[in-house]
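Structural description and commentary
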Amino acid sequence: MKRYFVHTFGCQMNVNDSLRMGEALATIGYRPTPAPEQADLIILNTCAIREKAEDKMLSALGRYRAIKTQRGALLAVAGCVAQQEKAKLLARVPYLDLVFGPDAIGKLPELVSRVAQDRVRVAETAWIDSEEYVFPRADPGSSAGKVSEFVTVMKGCDNVCSFCVVPHTRGREVSRPFVEVLEEVAALATVGVREVTLIGQNVNSYRGGISFADLLLRVAQVSGIERVRFTTSHPHDLSDALIDAFRRERRIAPHFHLPVQSGSDAVLRRMRRDYTVAAYLERLATLREARPGIAVTTDIIVGFPGETEDDFRATLELTESVRYDNQFSFVFSPRPHTVAGIKEEEWGSVPHEVKVERLERLQTIQRRISAGIAEGLLGRDVEVLVEGPSRTDPSRRFGRTPENRTVNFEGRAPAGARARVRITRASPSALLGVESDIVDLPPIEPLPRRIEAA
Ligand code: SAM
Ligand code: SF4
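Each value, and the rule that gives it
- Residues numbered from 1 in each chain as written.
- Chains lettered and ligands numbered in written order.
- Predicted model: local features only at pLDDT ≥ 70, side-chain atom pairs only at ≥ 80, totals over all residues.
- Heavy atoms only, no water.
- Helix = DSSP H or I, 4+ residues; strand = E, 2+ residues; numbered from the N terminus.
- Contact = heavy atoms within 4.5 Å.
- Areas by Shrake-Rupley, 256 points an atom, 1.4 Å probe, with all protein chains shown as cover.
- Lys, Arg positive; Asp, Glu negative; His and termini not counted.
- Charge placed at Lys NZ, Arg CZ, Asp CG, Glu CD.
- Salt bridge = Lys/Arg side-chain N within 4 Å of Asp/Glu carboxyl O.
- Buried < 20%, exposed > 50% of the residue type's maximum accessible area, 1.4 Å probe, protein only.
- Axes fitted to C-alpha atoms, helices over the stretch in contact; angles between N-to-C directions.
- Parallel < 35°, antiparallel > 145°, perpendicular 65-115°, else oblique.
- Left-handed = near helix turned anticlockwise from the far one by under 90°.
- Near = heavy atom within 4 Å.
- Nonpolar A, V, L, I, M, F, W, Y, C, P; charged D, E, K, R; others polar.
- Phe/Tyr/Trp six-rings, centres within 6.5 Å; stacked < 30°, edge-to-face > 60°.
- Polar contact = N/O pair within 3.5 Å; in protein donor to acceptor, adjacent residues only side chain to side chain.
- Expected span 1.5 Å × (residues − 1).
- Core = buried A, V, L, I, M, F, W, Y, C linked by side-chain atoms within 4.5 Å.
- Disulfide = S-S within 2.5 Å.
- Pairing = 2+ DSSP bridges.
- Right-handed = clockwise from strand over helix to strand, strands pointing away.

Some details on the overall build of the protein chain
Of regular secondary structure, the protein chain possesses 14 helices and 19 strands. Here the C-alpha coordinates of the protein chain stretch approximately 60 × 60 × 45 Å along the principal axes. Pairs at least 24 apart in sequence give 72% of the contacts found in the protein chain among residues at least 6 apart. Per element, the accessible surface of the protein chain, about 19,600 Å² overall, is 52% carbon and sulfur. Separation of charge centres in the protein chain, based on 62 positive and 60 negative side chains, amounts to 3 Å.

Comments concerning the pattern of salt bridges
Overall, the coordinates contain 42 salt bridges when judged by the stated rule. Two residues, Glu309 and Arg361, come together in a salt bridge whose shortest N-O distance is 2.7 Å. With Glu309 in helix 12 (residues 309-322) and Arg361 in helix 14 (residues 352-375), this residue pair connects regions lying 52 residues apart in the sequence. The exposure class assigned to Arg361 is partly exposed, which follows from its relative accessible area of 26%. Each member of the salt-bridge network shares a partner with another, and the members are Arg194, Glu195, Glu226, Arg227, Arg229, Arg250, Glu383, Arg418 and Asp440.

Describing the packing of helix 7 (residues 178-190) against helix 8 (residues 212-220)
As a packed pair, helix 7 and helix 8 sit with axes 10 Å apart at the nearest point and diverge in direction by 25°. Comparing the axis directions of helix 7 and helix 8 gives the class roughly parallel. Note that helix 7 runs across helix 8; the crossing there is right-handed. For the pair helix 7 and helix 8, contact is made by Phe178, Val181, Leu182 and Val185 and by Leu215, Arg218 and Val219, respectively.

Considering the site of ligand 2
Near ligand 2 you find Cys157, Asn159, Cys161, Phe163, Cys164, Val166, Pro167, Gln201, His234 and Arg273, and these make up its full shell. Its residues placed into classes, the shell around ligand 2 shows six nonpolar, three polar and one charged.

Let's talk about the packing of aromatic side chains
Across all of its chains, the model carries eleven aromatic pairs by this definition. Ring centres of Phe163 and Phe304 lie 6.5 Å apart, and the angle between their planes is 85°; on these two criteria the pair is classed as edge-to-face. Placement of the pair is Phe163 in the loop between strand 8 (154-155) and helix 6 (166-170) and Phe304 in the loop between strand 13 (295-302) and helix 12, with a sequence separation of 141 residues. Aromatic ring contacts, followed pair by pair, group Tyr206, Phe212, Phe230, Phe246 and Phe256 into a single cluster.

Some words on the site of ligand 1
The environment of ligand 1 is formed by 15 residues, the closest being Phe163, Gln201, Gln261, Asp299 and Ser333. Interatomic distance of 3.0 Å between a backbone N/O atom of Phe163 and a nitrogen atom of ligand 1. Notes on ligand 1: free accessible area 560 Å², of which the protein chains cover 91%. Elements with a contribution of two residues or more to the shell around ligand 1: strand 13 and strand 14 (326-331). Residue composition of the shell around ligand 1, grouped by class: seven nonpolar, four polar and four charged.

Brief notes about the side chain of Glu23
Topologically, Glu23 is positioned in helix 1 (residues 12-26). On the accessibility criterion, Glu23 (15% relative accessible area) is buried. If we ignore the near neighbours within four places in the chain, the residues touching Glu23 are Arg137, Ala138, Asp139 and Ser142.

Let's talk about helix 7
Taking 1.5 Å per residue, 13 residues should reach 18 Å; helix 7 reaches 19 Å between its end C-alpha atoms and fits that length. A large share of helix 7 lies buried, amounting to eleven of its 13 residues. Those residues of helix 7 lying buried are Phe178, Glu180, Val181, Leu182, Glu184, Val185, Ala186, Ala187, Leu188, Ala189 and Thr190. Considering only its buried residues, helix 7 is in contact with strand 7 (148-152), strand 10 (195-199) and helix 8. Residue Gly192 follows helix 7 closely and has a positive phi angle near 105°.

Describing the nonpolar core
Within the largest apolar cluster, 68 residues are counted, with the highest numbers of intra-cluster contacts made by Phe163, Val196, Leu198, Phe212, Leu215, Val219 and Phe256. In contact with Phe212, not counting residues within four places along its chain, are Leu198, Val203, Asn204, Tyr206, Phe230 and Leu242. If you look at the next biggest cluster of nonpolar residues, it comprises 25 residues, including Ala48, Leu61, Tyr64 and Leu89.

Digging into the state of the cysteines
For the structure on display, the rule yields zero disulfides. In this structure Cys47 is not part of a disulfide, and its nearest cysteine sulfur, from Cys80, lies 6.3 Å away. By relative accessible area, Cys47 is classed as buried at 11%.

Points about the sheet that holds strand 11 (residues 227-231)
Taken together, three strands build an open sheet; the order of strands is 7-10-11 and the sheet is parallel. Either end of the sheet is taken by a strand with one partner, and the two such strands are strand 7 and strand 11. Here the average twist between neighbouring strands, direction ignored, is 25°. As defined by bridge partners, strand 7 adjoins strand 10 across five bridges and the pair is classed as parallel. Along strand 10, the bridge assignment pairs Ser148 with Glu195.

Here's the deal with the pairing of strand 10
Judged by how many residues are buried, strand 10 sits mostly within the fold: five of five residues are covered. Of the two faces of strand 10, the one holding Glu195, Thr197 and Ile199 and the one holding Val196 and Leu198 are both buried throughout. In terms of strand pairing, strand 10 meets strand 11 through five bridges, oriented parallel. From the neighbouring strand, Val196 faces strand 11, where its bridge partner is Val228. In this fold, the crossover linking strand 10 to strand 11 by way of helix 8 has right-handed handedness.

Next up, the structure:
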């Protein structure tokens, strides 16, 4: 029996793609191994969003080279770096056997067989930028025992944010037909999944036969599904219909990740984000009015070319005024093929020390805000969808609140149940608590494979 090992870098899209790779490899008799030293095939599923991510993958590649030499394992690079570098990567890394892009996952069995049998080195990075693209279908069997799963609803991105390499590595937007999405969700529910996160680079520009708001409403109606989440969104597509879906359907979980990137209109213009801070705040206010208590998180880039101290202060002010539950903040990293990467010097490159100092100032403020929000939960009851034992302390249970806060707690609720938990300790990264009640248990019988709302 052959074994494979996948090392995944980057976002949920990559995590999900790695699962699909595993399922494709199973069709030619490969089984997973947690130990790269035992693998016959090692795949690095890569991220190109920032230079650091690329550096990490290059150093990992060096480590796996030794295993290749010892065992004769095949070595492959997949994901965004593969798509960005294409066949050039085979020339740069002479011990690499296979390079394949995100659209070639379905062809993986054929590619691996060619490399293994014909002893050739292969680069497969063609895009399928059309409705002919067939989304790899998740095998519900590999989700058995899981409470929460990702479901792909679209691929690619048609936006042109000047800092971002994604349109170059993931191609044009293609939406997955809504019936296919609903079938996959229904199949996951039959094996016990109760929460799904719909994923894509810009999910609210979804066009798979119905609007994204309608897709969320329909997914929320699938038998057995208790919570629906999604990621990630561009503020300019945050429609009234989507906000209204939050008002109407409590199963759409009250958490919105809405990347703002900067609090300065001048920087947003150079970023080509096509909204102003005022327009962003207006959307957020409408959303909060529709679903009071909704958790809001964001992404921010500091040190974007030309960012002045005043621009940066505007980002600090925005952070204070919105009171994000959490934010993911990064220093600007110039990327190949991007406008900001090319124009960095012309717009005014921000020195590295200034970028790092700004990041630290921003993160200090966010830590204080997140700690304040967490402390506000002390002594209160929250509803937790239980995912299983705690990873840090197996005597405790682990789950998430509707707002996507992680909770470790003393209790007995089984995976898939919803429990009421009294919060006894609170920090920005995790909550601790004690179970006070079990709200509901997961369904006992396997659910019929039907879509109630389609
Ligand atoms: N589609 C999402 C959106 O529109 O905001 C973003 C997806 S991107 C994979 C995740 C985050 O990485 C972005 O929101 C941005 O903050 C960050 N990012 C992207 N390119 C970057 C760059 N060149 N340097 C630093 N951070 C970057
Ligand atoms: Fe990148 Fe997101 Fe902009 Fe698309 S919308 S180009 S993925 S930052």
